[in-house]
Amino acid sequence: KRVENKFTIEIVNLKSQSEKNTFTADHVVIANGHSDVPNYPISGVNNLDFVTHSANYKNCSQLELTRKKVLVVGLSFSAVDIAVDLTKFGGNEVSVLTRKGSWFGPKRDLKSNAPSDLKLPRLFTHLPHKVLNKLIKIAFNWKYFNQNNWQISNKCDPAGGNMVSSDEFVDLVRTEKISVIHGSLTEVNNGNSVSIATNEGNKLKLTFDHVIFCTGYKPRFKFLSDGLQAGEGQYPDLYMNMVPLNTPLLMSYIGLFNSRFTSPFQVIDLQAQYIVALLTGKVKLPDQNQMKMSVSKEKNDLATNCKAFRASLFLPIDYRDKLAHIMGKTPRFLDLVLSPKLMIGYYFGPITWAGYNLIDSRLGGVAKDSLNRTCDRAFGKNWFLKLNCILFGGILSITGAIFLLQHYL
């Protein structure tokens with residue numbers, strides 16, 4: 001509860017439910033996460049016996065799901081893992097319901113055996129949306145498998161609709177052990193029946209022994225008094241995803257961001273540094289109007305582009321880069337120009353935490369070794385030597401061609 005420019009905080013002992021402690025604080029950091037309350041797209045279904053949310057799923061034996069007919073709602077990471085588990089270890093007949101579909105790639109690169117996310121170079125994040133989207137579609141269909149042949153992706157962009165790493169799921173779809181339905185759930189009834197509106201405009205009424213919702217979570221900040229929290233299941237308006245507009249310098253949030261394509265630990269570390277710098281005066285907030293304009297612009301961008309490739313994939317990476325720049329963690333070109341291997345690894349190599357610590361006096365040496373090892377895993381050993389050979393060979397070829405043209409023409 002806010003009292004003038006301080007907060008009164010009341011803590012209740014969960015065991016006794018009676019012991020209470022009250023104290024005051026000049027600043028409060030909310031860091032309880034936002035994956036707390038399961039989200040159900042249809043209200044009331046959580047009370048049905050044959051309905052479970054992925055938050056409560058451990059394995060198929062826990063729910064006594066063996067050789068049953070199961071519907072999994074969603075097609076992101078949790079849905080894919082649960083569908084595979086139900087099929088492989090429970091022998092269940094599994095259907096997956098998705099509105100947009102997903103694009104699938106292997107967990108590890110087929111050639112280098114490196115984790116597939118290491119194959120995304122930093123500079124790719126700055127390509128135009130349409131160009132990058134087409135490149136990824138071509139790469140996925142050519143290098144891995146034709147996505148549309150197996151009814152996995154519908155009409156979604158690779159990252160706008162989801163990108164998921166799972167070899168097993170695709171194999172199970174190929175062998176028709178998992179079926180994919182493109183549409184939306186409209187009704188769930190007591191008699192284990194569900195109504196589905198397909199993307200083609202058809203209406204289906206199907207019966208399942210169990211339905212598992214993999215439909216994400218809603219935030220919960222019920223411990224905040226009125227005037228400090230947004231509506232039920234809603235996020236407050238936050239400048240830089242941390243500072244609430246109604247209580248700047250008095251309250252901040254950590255961890256409210258999309259961590260799908262970036263490590264949450266890196267961003268949380270940068271957010272914590274930002275808040276410390278804010279409280280110690282090393283970083284200054286803009287005026288209230290500028291913060292409101294920034295929050296409004298971000299909302300408009302998300303409303304307009306949330307289904308687009310760049311918004312869903314690179315907004316978290318852009319956010320991390322912006323935080324790193326504010327905190328002085330981003331190396332300049334001149335910092336790397338004397339070390340060509342590091343420079344190429346930073347700009348063309350994978351997006352990794354090491355890039356934000358190259359100029360750190362304490363972590364610089366470790367970060368350089370980490371970046372070099374990551375590039376070796378992503379591109380193979382001696383990648384820098386091979387690159388130099390290619391560049392040198394290209395220069396020689398161009399020089400030779402120019403010489404011949406001048407000599408004979």
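Residues numbered from 1 in each chain as written. Predicted model: local features only at pLDDT ≥ 70, side-chain atom pairs only at ≥ 80, totals over all residues. Heavy atoms only, no water.

With respect to unusual backbone geometry
Working step 1: Within the chain, Glu-176 stands out as a residue other than glycine whose phi angle is a positive 60 degrees.
Working step 2: Relative accessible area serves as the criterion here: at 72%, Glu-176 is assigned to the exposed category.
Working step 3: Here the phi dihedral of Met-240 falls at roughly 60 degrees; this positive angle occurs in a residue that is not glycine.
Working step 4: Positionally, Met-240 belongs in the loop between β16 (238-239) and β17 (243-244). (Buried < 20%, exposed > 50% of the residue type's maximum accessible area, 1.4 Å probe, protein only. Helix = DSSP H or I, 4+ residues; strand = E, 2+ residues; numbered from the N terminus.)

Some details on the packing of aromatic side chains
Working step 1: Tallying each qualifying case throughout the model produces one aromatic pair.
Working step 2: Look at Tyr-40 and Phe-213: their rings are 5.5 Å apart centre to centre, the planes differ by 70 degrees, and that puts the pair in the edge-to-face class. In this pair, Tyr-40 is assigned in the loop between β5 (37-38) and β6 (51-53) and Phe-213 in strand β14 (residues 210-213), connecting sequence segments 173 residues apart. Like Tyr-40, the residue Phe-213 is buried in the burial classification.
Working step 3: Note that Lys-69 overlies the ring of Phe-208, its terminal NZ or CZ placed 5.5 Å from the centroid. (Phe/Tyr/Trp six-rings, centres within 6.5 Å; stacked < 30°, edge-to-face > 60°. Lys NZ or Arg CZ within 6 Å of the ring centre and 35° of its normal.)

Some thoughts on the nonpolar core
Working step 1: Val-72, Leu-86, Val-96, Phe-169, Ile-178 and Ile-212 are the most contacted members of the largest nonpolar core, which has 24 residues in total.
Working step 2: Ranked by residue count, the leading element in this core is helix α1 (residues 77-90), at six residues.
Working step 3: Leave out the neighbours within four places in its chain, and Ile-178 touches Ala-83, Val-84, Thr-87, Val-94, Val-96, Phe-169, Leu-172 and Val-173.
Working step 4: Ranked by size, the runner-up nonpolar core spans 21 residues in total, among them Met-240, Met-242, Leu-323 and Met-327. (Core = buried A, V, L, I, M, F, W, Y, C linked by side-chain atoms within 4.5 Å. Contact = heavy atoms within 4.5 Å.)

What about the layout of surface pockets?
Working step 1: Looking at the second largest pocket, its volume works out to about 370 Å³.
Working step 2: Along its surface, the second largest pocket is lined by 13 residues, and Lys-1, Thr-8, Ile-9, Glu-10 and Phe-223 are the ones closest to its centre.
Working step 3: Elements with a contribution of two residues or more to the lining of the second largest pocket: β2 (6-12) and β4 (28-30).
Working step 4: The element that contributes the greatest number of residues to the lining of the second largest pocket is β2, accounting for five residues. (1 Å grid on protein atoms, 1.4 Å probe; cavity = no way out; pocket = protein on both sides within 12 Å on 5 of 7 lines; lining within 4 Å. Points joined across faces, edges and corners; volume = space filled by probe spheres on them.)

Quick look at the sheet that holds strand β8 (residues 93-98)
Working step 1: Read across the open sheet, the seven strands follow the order β6-β14-β7-β8-β11-β12-β13; overall the sheet is mixed. Lying at the two open borders of the sheet, with one neighbouring strand each, are β6 and β13 (203-207). Each adjacent strand pair in this sheet contributes to an overall mean axis angle of 40 degrees, direction not counted.
Working step 2: In this sheet, strand β12 (residues 193-198) lies alongside strand β11 (residues 178-188) in antiparallel orientation, the contact comprising five bridges. Within the sheet, the bridge partner assigned to Gly-183 lies in β12 and is Thr-198.
Working step 3: In the packing of helix α3 (residues 167-174) onto the sheet, the strands contacted are β8 and β11, and the crossing angle to β11 comes to about 95 degrees. (Pairing = 2+ DSSP bridges. Axes fitted to C-alpha atoms, helices over the stretch in contact; angles between N-to-C directions.)

Here's the deal with the pattern of salt bridges
Pairs can form between side chains of opposite charge whenever their charged atoms are close.
Working step 1: With the rule as written, the count across this model stands at three salt bridges.
Working step 2: Between Lys-6 and Asp-26 there is a salt bridge whose closest N-O contact spans 2.3 Å. Pair noted here: Lys-6 is in strand β2 and Asp-26 is in the loop between β3 (20-25) and β4, with a separation of 20 residues, a long-range link.
Working step 3: On the accessibility criterion, Lys-6 (41% relative accessible area) is partly exposed. (Salt bridge = Lys/Arg side-chain N within 4 Å of Asp/Glu carboxyl O.)

Focus: the confidence of the model for the chain
Working step 1: Across the chain, pLDDT averages 78, with 76% of residues at or above 70.
Working step 2: Here residues 306-314 is modelled with pLDDT under 50, and outside its nearest four sequence neighbours on either side it reaches 34 contacts, counting other chains as well. (pLDDT = per-residue confidence, 0-100.)

Things to note about the side chain of Thr-52
Working step 1: Note that Thr-52 resides in strand β6.
Working step 2: Within the structure, Thr-52 has its side chain in polar contact with the side chain of His-210 (distance 2.6 Å).
Working step 3: In this structure, Thr-52 is in contact with Tyr-40, Leu-63, His-210, Val-211, Ile-212 and Phe-213, ignoring residues within four places of it in sequence. (Polar contact = N/O pair within 3.5 Å; in protein donor to acceptor, adjacent residues only side chain to side chain.)

Some words on the sheet that holds β2
Working step 1: Overall, antiparallel pairing links the three strands, which are arranged β1-β2-β3 in an open sheet. Strand pairing shows two members of the sheet lacking a second neighbour, β1 (2-3) and β3, which therefore form its edges.
Working step 2: One ladder, built from two bridges, connects β1 with β2; its direction is antiparallel. When the sheet's bridge partners are listed, Val-3 is paired in β2 with Lys-6.

Details of a nonpolar patch on the surface
Working step 1: A contiguous nonpolar surface patch, about 460 Å² in accessible area, is contributed by Phe-333, Leu-334, Val-337 and Leu-338.
Working step 2: Along the chain, Phe-333 turns up in helix α7 (residues 333-336).
Working step 3: Taking relative accessible area as the criterion, Phe-333 reaches 46% and is therefore assigned partly exposed. (Patch = residues over 30% accessible without salt bridge, like charges linked within 9 Å, V, L, I, M, F, W, Y side chains within 5 Å. Areas by Shrake-Rupley, 256 points an atom, 1.4 Å probe, with all protein chains shown as cover.)

Description of the environment of Ser-102
Working step 1: Assignment of secondary structure puts Ser-102 in the loop between β8 and β9 (103-105).
Working step 2: On the accessibility criterion, Ser-102 (0% relative accessible area) is buried.
Working step 3: It is 9.8 Å that separates the C-alpha atoms of Ser-102 and Gly-74, two residues lying 28 residues apart in sequence.

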